[in-house]
Amino acid sequence: MDFNQSADENLFDRARIIGKPHKRIDGALKVTGTAPYAYERNDVVENHLVGYPLGASIAKGRITRMDAAAARNAEGVAAVITALDIDELPRADSNVAKLFGGDLVEHYHQAIAVVVAETLEQARAATSLIEVEYEETPGEFDLDDAWKRLQDRDVINEVGDVDAAFERAEVSIDEIYHTASQSHAMMEPHASIADWCDGKHLTLWTSNQMIAWSKKALATTLELDEADIRLESPFVGGGFGGKLWLRADAVLAALGSRETGRPVKVALPRPFIFNNATHRSGTVQRLRIAANKDGRITAFDHSAISHTLPGGSGEDAVNQTRCFYAGENRRVAHHAIDMNLPEAADMRAPGEASGLAVLEIAMDEMAEKLGLDPVEFRILNDTQVNPEEPHKRYSDRHFVECLQKGSEAFGWRERNKVPGSRREGQWLIGQGVAGAYRGAITMDSGARVRLSQGKLVVETDMTDIGTGSYTIIAQTVAETMGVTMDEVEVRLGNSAYPVSSGSGGQFGAASSTAGVYAACLALQEEIGKRLSIESPRFENGRVVSGDQDLGLFEIEGEELVGEDTLHFGDFQDEIELGTFGAHFVEVAVNAYTGETRLRRMLSVCDAGRILNPITARSQVLGGMVMSIGAALSESLSIDTARGFFANHDLAGYEIAVHADIPEQEVIFLDTLDGASTPLKAKGVGELGICGGAAAVANAMYNATGIRLRDYPLTLDRMLDRLPAI
Amino acid sequence: MTSTTTFEKHRESAQTRSSVALTINGQRHELTLDNRTTLLDALREHLNLTGSKKGCDHGQCGACTVFIDGQRVNACLTLAVMHQDDEITTIEGVGGVEHLDPMQQAFIDHDAFQCGYCTPGQICSAKATLEEIRAGIPSHVTKELTGPIELSDEEIRERMSGNLCRCGAYANILEAIRQVAKERA
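These numbers were taken from a predicted model, which means no experiment stands behind them.

So, about the pairing of strand β26 (residues 548–551) of chain A. Residues and elements named next belong to chain A. Inspection of the sheet shows strand β25 (residues 542–545) paired to β26 by 4 bridges, in the antiparallel sense. The residue of β26 that forms the bridge with R542 is G551. Where β25 folds back onto β26 in an antiparallel hairpin, the turn is made up of 2 residues, including G546, whose phi is positive at roughly 55°.

Spelled out as structure tokens, the structure:
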């Protein structure tokens, strides 16, 4: 089915099930611990061995010698495969560093061996017996050094005359900001069980967001036909972008299985994940904003750098600055600097999370310099078109309403306007606001719906990484086919099913439900043909046409199947599709120690039709929590001498915990975006993390009068500047 | 060299496997295990009780929280052979799909999870939190160390802070715990 123009009024505007709150249909499995995650597939795999990885202990260089004799002779060991035993595996386009093989070391903890044994204890112990010698070569590990060296700033995009605008500017700012490298730190480690016993057909039970991409990457990496690969990933214990790609767990498990002729399972040990797998690159950003005295922005100039292994793209922090606010003159430049840290790649809201963390502080600084309320300043500079290409209108943008509704609900008007002047006991109290923007990407998505033995079974390779896919897909089928939720069975995350959008870039919910809708229409057509009726209606479990009225599950004969893919048409290229929000935060900063505690946080979101307010709210809450971590504590600490992340576990890398999270509130605007999908929905899973960190920073400024521009906003950055007591 | 040789000799002579009897969810299991096997791996790898999750294997995330003789413990931080005759309760013993514990139901009612991986540990800790408050065991945020402890949001958050949730369901987990506390009161 082609989606070539904005959706008119349709059945979703009269919905019974879509857009209504429904508890997760996979909830009972998850609360009882019976949802099977990748490493636990004892239901389908027998007689497996366990693999344990060894990582390189240098950041860059070559392996000159590996002695695995002691490991091979250790108790229980079935095989040891070292990087020197096999040639470098071909690299899929989606991987920047190789996953295994050959003497080259591209980053710290790159996998250089796997030990396969009867038990985890045996494999782990034997891994420590492998001796490795390296020839180390110097690497680049310091982003600030790179920033200083970067003289020649080639411009990605310039509109108008930015230099002239700054010369003319009545008010301007020009500041440097830092964001930290961050880890996805999803709770389920990367894990796979591989059965490649015959060296030809590979079955992989894994934890992955993108089934089709990973199947393709596996085919490239292991030089197999895609037809000989099967992937299953029905439950994913969190991803946040970290499981978009094929990673070492899958490759090592597969190699181990081929070598031993038995299924092999590998989970990446937690302290290994931070350097072996991917992360969000830190950034250095310079942001200049120019405005007239009346508060209208005349120019943006945003340049940023991030790190990447050669060939990668880093963290592009300038993109949102191109389109979020009005202003005639604008220039952005992003430089991905080749460095020898582990592989930087996408993490939740790649680009925007880091870019808005900075842009939204800068907006606060500008508002102050202009003597304007930060909410009013943002409203004044709203745009309904892409300011770079004014002929492109936003399909549906209610950013102003987010700010207004948020102000009202939060009590923004009553806030203290003089920074550092509200004190409660030993706490300085402050409030801050930030805008949120994230693109509303759509991806072609397919599904199959079968009318089978008293129920509708929907199959798609879409994944549920905690996002609620199972539930919203069931809602889509129930709505379109006129049945109850109980009459729908959802099967996900299997390469035997039609290729979907997968989960990433907040495109999953909107795209996959559109694909499921298309498959339902295909099934309706099949049903019409079987019954020889024209344009039947599907309601209350019945198929109705003219004077015909038959129970859907009473249709006789062979199973009926509808399969289709929703293709999103080019018309979307000519409009701007986005999601918008506003965050409001109240913090308390300890007047003596500088410790910051969040008191409350409100986010107002404009993201088209909210398919399920329960699961969507949880997505936004989770994004807010992650933005609080990004603001206050999350930072991969780089050992710039040896080139690795030193705090590579969950004690050293500090994500927000229960005690860090105060009262949270989410408000969804009641909006519809027919240009996005037939369901008029857009993604919301990444909007919550966009801008939230800046709202915290701005609230801290309001509390203390100290402007912090470097994340995370830890107390050591303020301690010598706190207001006198 | 001498120390290595002594170590090797010691290692060869040492017993590397032991028998242990554990009572898990009311059922007695006799196992012979590698001494290095954690309680978590005994559950997951030897008894197919995979409800307890391995998030870090270092006591940093709480996904493996189980009860040993009524007290919550990170099962990854203790060896199985240390628990001869101990009574262990895992999420499978807390409740199943057909007979949910009130805390499990409350987690569903309040959407107190997303990916579900930390959830069994959160539920075990949530139950333990209420028990610990009821038993008058103080925490870091308890203001009065003697006398009954107020069942405040602050107490719940503090006591739950050893259980990480990267999906960020904390606000909903708090609501779920409140619901159960209210039902009990």
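All names here are of chain A. Pairing is mixed across the open sheet formed by 5 strands, whose spatial order is β8-β16-β15-β14-β9. Strand pairing shows two members of the sheet lacking a second neighbour, β8 (157–159) and β9 (171–179), which therefore form its edges. Ignoring strand direction, the axes of neighbouring strands in this sheet form an average angle of 10°. In terms of strand pairing, β9 meets strand β14 (residues 283–291) through 9 bridges, oriented antiparallel. Paired with D174 across the two strands is R288, which belongs to β14.

Once that is clear, we can look at the domain arrangement of chain A. All names here are of chain A. Domain boundaries assigned for chain A yield domain 1 (2–35 + 442–573) and domain 2 (370–440 + 577–721). The distance between the C-alpha centroids of domain 1 and domain 2 comes to 34 Å. Between domain 1 and domain 2 lies a buried interface of about 2300 Å² when both sides are counted; carbon and sulfur atoms form 58% of it. Area buried by domain 1 at its contact with domain 2 is led by F12, Q506 and A510, which between them contribute 25% of it. Here domain 1 is connected to domain 2 by 2 salt bridges. With a shortest N-O distance of 2.9 Å, R609 and D13 are connected by a salt bridge. For the side of domain 1 that touches domain 2, the elements supplying multiple residues, two or more each, are α12 (469–481), α13 (508–531) and β27 (560–568). The greatest single-element share of the side of domain 1 that touches domain 2, amounting to 5 residues, is contributed by α13.

A word on the pairing of strand β11 (residues 202–206) of chain A. On a regular strand, each side chain points to the face opposite its neighbour's, so the side chains alternate between the two faces of the sheet. Residues and elements named next belong to chain A. For β11, the tally of buried residues reaches 5 of 5 residues, placing the bulk of the element in the interior. When strand β10 (residues 191–195) meets β11, the two strands line up antiparallel, connected through 4 bridges. Counted as the bridge partner of D195 is T203 from β11. What sits between β10 and β11 in their antiparallel hairpin is a turn of 6 residues, with G199 showing a positive phi close to 70°. Pairing of β11 with strand β12 (residues 229–232) involves 4 bridges; the strand directions are parallel. Each residue of the ladder has a partner; that of L204, found in β12, is L231.

Before going further, it helps to examine the packing of aromatic side chains. All names here are of chain A. Going through the model one piece at a time under the given rule, you end up with 17 aromatic pairs over all chains. A network of ring pairs unites the aromatic residues F324, Y325, Y394, F399, Y437 and F580 as a single cluster. Across from the ring centre of F166, 3.9 Å away, lies the NZ or CZ of R288, which sits over that ring. Cation over ring: R397 sits above Y394, and NZ or CZ is 4.9 Å from the ring centre.

It is worth spelling out the interface of chain B and chain A at this point. Interface size is commonly expressed as the accessible area that is lost once the parts come together. In this complex, chain B contributes 52 residues to the contact, which on the side of chain A involves 62 residues. Taking both partners together, chain B and chain A bury about 4500 Å²; carbon and sulfur atoms supply 56% of that area. For the chain B face of the interface with chain A, the top three residues by lost area are Q114, R166 and Y170 of chain B, together amounting to 20%. At the boundary of chain B and chain A, one finds 6 salt bridges. One salt bridge in this structure joins K23 of chain A and D109 of chain B, with 2.8 Å as the shortest N-O distance.

Residue and element names in this part refer to chain A. Cis rather than trans, the peptide bond between Y711 and P712 has omega equal to -10°. Tracing the backbone shows P712 in the segment after α15 (692–704). Even without glycine at this site, Q453 takes up a positive phi of about 45°. Note on placement: Q453 falls in the loop between β21 (445–452) and β22 (455–459). In the Ramachandran plot, S532 falls in the positive-phi region, its phi being about 50° despite a non-glycine side chain. By secondary structure assignment, the location of S532 is in the loop between α13 and β24 (537–539).

Moving on, we come to the nonpolar core. Within the largest apolar cluster, 202 residues are counted, with the highest numbers of intra-cluster contacts made by L222 and I527 of chain A together with F107 of chain B. For this core, the leading source of residues is helix α9 (residues 352–370) of chain A, giving 11 residues. Apart from residues no more than four positions distant in its own chain, F107 of chain B is found in contact with V31 of chain A together with A112, F113, T119, Q122, I123, A126, I173 and A176 of chain B. Counting residues in hydrophobic clusters, the runner-up holds 25 residues, among them I112, A113, V115 and L120 of chain A.

A few words now on the side chain of R609 of chain A. All names here are of chain A. Here R609 shows up in the loop between β29 (596–606) and α14 (613–632). According to the relative accessible area criterion, R609 is buried, its value standing at 11%. Looking at R609, its side chain comes within polar contact range of the main-chain oxygen of L679, at 2.7 Å.

Conventions and cut-offs
- Residues numbered from 1 in each chain as written.
- Chains lettered and ligands numbered in written order.
- Predicted model: local features only at pLDDT ≥ 70, side-chain atom pairs only at ≥ 80, totals over all residues.
- Heavy atoms only, no water.
- Pairing = 2+ DSSP bridges.
- Helix = DSSP H or I, 4+ residues; strand = E, 2+ residues; numbered from the N terminus.
- Axes fitted to C-alpha atoms, helices over the stretch in contact; angles between N-to-C directions.
- Domains from an automatic or database assignment.
- Buried area = accessible area lost by both parts, 1.4 Å probe.
- Salt bridge = Lys/Arg side-chain N within 4 Å of Asp/Glu carboxyl O.
- Buried < 20%, exposed > 50% of the residue type's maximum accessible area, 1.4 Å probe, protein only.
- Phe/Tyr/Trp six-rings, centres within 6.5 Å; stacked < 30°, edge-to-face > 60°.
- Lys NZ or Arg CZ within 6 Å of the ring centre and 35° of its normal.
- Contact = heavy atoms within 4.5 Å.
- Core = buried A, V, L, I, M, F, W, Y, C linked by side-chain atoms within 4.5 Å.
- Polar contact = N/O pair within 3.5 Å; in protein donor to acceptor, adjacent residues only side chain to side chain.

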